[in-house]
Amino acid sequence: MNANPVWTLSANEIANSVHRRDLSASEVLESHIERIEIVDGAVNALPVLLLDEARAAANAIDADAAKRSGLLAGVPVVVKINTAVAGQPNTNGCPGLTKKVEEEDSWVVASLRRQGAVVVGMANAPEFSLRWHTSNPLFGTTVNPHVPDRVAGGSSGGSAAAVATGMAPLAHGNDQGGSLRHPASCCGVVGLRPTIGLTPTDGARNSFGAKLFGAEGVISRNVKDAELGLRSMISARPRGFPAPELPEATSDSKRLRIGVIAEPGGTVSSEVTAALEKACAVFEGSGAEVEYVDPVWIRDLEQTRGSIVYHETKTQWKAKRLLADPDTTLRSLEYMESYFSTSGLLTDYLSALNRLTELTTRWHEFASEYDALIGPVSIEPPFEVEMDTGGESRAHQVIDSMRFVTAISATGSPVVSAPVTRTAAGPLGIQIVAPLWHDYRCLQIAGILEREIGSVAPIDPSPVSITQTV
């Protein structure tokens, strides 16, 4: 058995050990609970802990051979606070939403539990999951465990920080505009946003934009765990959302053709350029064909998606505006609405939907020429805490820095945020984008990068130094 502390093990290692009965689910859980108690005070990633429920679930797995056979048998998992967990309020970080308790799990939580996942807690997010900075008036701010004065990303920042610091090997999150990929990049872990329609979003049921651009996904410390999380998640998809069976990835990296979008919609920081060059060298060294490309309509994709999303907030957020914090959430929203073309008129909204169809068709024709396309997550390293509410010009700088991550959201393509390097402002990852339904190819190509650069080990939150033996 692995001599490292149990909380350092990967999801695959834990599940395999529980399958073989080398470890009990209860042993695994207690090690992670101890880790949470030691580190989360410095990070604030898991404001809601479900320890009694988790212990009962772990005991049930240990007592039942059938439960021990699940893909995620005994694996501690955290769920984002904008997602329904039975017996808990689905607060989405808003103080006004604490009273309504969910009667049943969302489909994604039920699917993970069915495969043996042990839900140990709920991960922090910004209020209404709106911002790229994980802070809300109900639970406070999640700290980037690498560089505390930089953001942990958003909106699945609690999930990314928890995984990075060893509080769980696998976390649930969702993503409409970078909410899995940006935190993964900021915290130096892997984030998978599946093909749109494969894992339909469960956190914002009334928004058409959420259905167009949203997906449930996973954050992990290595690529194999992300694949395990995806396979577990889609093992019991919701009815009414048909999807094809995902093709498995080819094993021959020497035939891969990879397009590099180095400056999507404009210039990027020198740190981002260096990260992309490092990734390109790895892919070329593996035998892949690497070609620099420049699709000129990235800005158009970004603007069109933003126009759709923020037309909806202008017309459908009346109740949320009454509940949301005016100094953070509403101020950030105001800056987003001013950045994009958001008249609130139905004719402009319909025009944006028509333009989206044109642009996504063009994207998929272009993307079909490659096995994958790579580019930045953000065009800058993690930004300063509260920069997105620090005045319109600074907020617009943040929004502009996310132009490629939101453009890829518009396409519906599967995408992985894979860690590449560390800067003075924190980690940096890249996006690996594959054609529709080729989610496993995304993961395969991320795996090529990981084998050369190395997989991520759990870190102690900076500047805290922690020793744990369990």
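Above this text sits the structure in question.
Residues numbered from 1 in each chain as written. Predicted model: local features only at pLDDT ≥ 70, side-chain atom pairs only at ≥ 80, totals over all residues. Heavy atoms only, no water.

Trainee: Go over the side chain of Glu127, please, and point to the residues and values.
Mentor: Looking at the secondary structure, you find Glu127 in the loop between β3 (118-123) and β4 (135-136). We note that Glu127 is buried and unpaired, the nearest opposite charge coming from Arg131 at a distance of 7.5 Å. Side chain to side chain, Glu127 and Thr329 meet in a polar contact 2.5 Å long. Ignoring anything within four residues of it in the chain, the contact list for Glu127 reads Asn92, Gly93, Cys94, Pro95, Ser135, Asn136, Pro137, Leu323, Ala324, Asp325 and Thr329. (Helix = DSSP H or I, 4+ residues; strand = E, 2+ residues; numbered from the N terminus. Buried < 20%, exposed > 50% of the residue type's maximum accessible area, 1.4 Å probe, protein only. Lys, Arg positive; Asp, Glu negative; His and termini not counted. Salt bridge = Lys/Arg side-chain N within 4 Å of Asp/Glu carboxyl O. Polar contact = N/O pair within 3.5 Å; in protein donor to acceptor, adjacent residues only side chain to side chain. Contact = heavy atoms within 4.5 Å.)

Trainee: Quick one: what's the story with the packing of aromatic side chains, residue by residue and with numbers?
Mentor: Considering all chains together, one arrives at seven aromatic pairs under this definition. Relative to Phe366, the ring of Trp297 has its centre 5.7 Å away and its plane inclined at 90 degrees; by these criteria the two rings are edge-to-face. With Trp297 in the loop between β10 (289-292) and α10 (298-316) and Phe366 in helix α13 (residues 346-367), this residue pair connects regions lying 69 residues apart in the sequence. On the accessibility criterion, Trp297 (10% relative accessible area) is buried. A residue is classified by how much of its surface remains accessible, and Phe366, at 18% relative accessible area, is buried. Seen from their ring centres, Tyr310 and Phe340 are 5.4 Å apart, and the 15 degrees between their planes marks the pair as stacked. Here Tyr310 is found in helix α10, whereas its partner Phe340 is found in the loop between α12 (329-339) and α13, with 30 residues between them in sequence. Comparing Tyr310 with Phe340, the two get one shared label, buried. Here a set of aromatic residues connected by ring pairs shows up, and it is made of Trp297, Trp363, Phe366 and Tyr370. Above the plane of the ring of Trp7 lies Arg35, whose end atom (NZ or CZ) is 3.8 Å from the centre. (Phe/Tyr/Trp six-rings, centres within 6.5 Å; stacked < 30°, edge-to-face > 60°. Lys NZ or Arg CZ within 6 Å of the ring centre and 35° of its normal.)

Trainee: Account for the pairing of β10, with residues named and values stated.
Mentor: As paired elements, strand β9 (residues 257-260) and β10 share four bridges and run parallel to each other. Its bridge partner lying in β10, Ile258 is registered against Val290. As a crossover connection, the stretch from β9 through helix α9 (residues 270-285) into β10 is right-handed. (Pairing = 2+ DSSP bridges. Right-handed = clockwise from strand over helix to strand, strands pointing away.)

Trainee: So what's going on with the pairing of strand β2 (residues 76-80)? Which residues, and what values?
Mentor: Burial runs high along β2: five of the five residues are buried. Relative to β3, β2 is paired through five bridges, and the arrangement is parallel. Counted as the bridge partner of Pro76 is Val118 from β3. With respect to chirality, the unit in which β2 leads through helix α4 (residues 107-114) into the neighbouring parallel β3 is right-handed. Pairing analysis gives two bridges linking β2 to strand β6 (residues 170-175), with the strands arranged parallel. Bridging from a neighbouring strand, Val78 pairs with Ala171 of β6.

Trainee: Which residues make up empty space enclosed by the protein, and what are the values?
Mentor: This structure, assessed with the given rule, holds three cavities of 30 Å³ or more. Here the largest cavity defines a volume of roughly 60 Å³. Counting residues per element, the lining of the largest cavity draws most heavily on helix α6 (residues 181-187), at three residues. Taken together, the residues of the lining of the largest cavity sort by class into seven nonpolar, three polar and one charged. Quantified by volume, the second largest cavity comes out at close to 40 Å³. Together, Trp132, Ser332, Tyr335, Met336, Asp388, Ala395, Val398 and Ile399 line the second largest cavity. Elements with a contribution of two residues or more to the lining of the second largest cavity: α12 and α14 (392-401). Residue composition of the lining of the second largest cavity, grouped by class: six nonpolar, one polar and one charged. (1 Å grid on protein atoms, 1.4 Å probe; cavity = no way out; pocket = protein on both sides within 12 Å on 5 of 7 lines; lining within 4 Å. Points joined across faces, edges and corners; volume = space filled by probe spheres on them. Nonpolar A, V, L, I, M, F, W, Y, C, P; charged D, E, K, R; others polar.)

Trainee: Please provide a residue-by-residue account of the packing of α10 against helix α15 (residues 403-411), values included.
Mentor: Direction vectors running N to C along α10 and α15 enclose 75 degrees, while the axes themselves pass 8 Å from each other. By the criterion of interaxial angle, the relationship of α10 to α15 is roughly perpendicular. On α15, the residues that touch Ile298, Arg299, Leu301, Glu302 and Arg305 of α10 are Arg403, Phe404, Thr406, Ala407, Ser409, Ala410 and Thr411. Tallied by class, residues from the contact of α10 with α15 come to five nonpolar, three polar and four charged. (Axes fitted to C-alpha atoms, helices over the stretch in contact; angles between N-to-C directions. Parallel < 35°, antiparallel > 145°, perpendicular 65-115°, else oblique.)

Trainee: Run through the sheet that holds β6, naming residues and quoting values.
Mentor: Reading across from one edge, β1-β3-β2-β6-β8-β7-β12-β13-β11-β9-β10 is the order of the 11 strands in this open sheet, with mixed pairing throughout. Unpaired on one side and paired on the other, β1 (48-49) and β10 mark the two borders of the sheet. Strand direction decides the pairing type here: strand β7 (residues 190-193) and strand β8 (residues 215-220), joined by three bridges, are antiparallel. Residue Gly191 lies in a different strand from β8, and its bridge partner there is Ile219. On the sheet, helix α16 (residues 439-453) packs against β7, β9, β11 (372-376), β12 (415-423) and β13 (426-433) and is oriented at approximately 20 degrees with respect to β12.

Trainee: Quick rundown of the environment of Met336? Include the residues and the values.
Mentor: With respect to the secondary-structure elements, Met336 resides in helix α12. For the pair Met336 and Val398, spaced 62 residues apart in sequence, the C-alpha separation works out to 9.8 Å.

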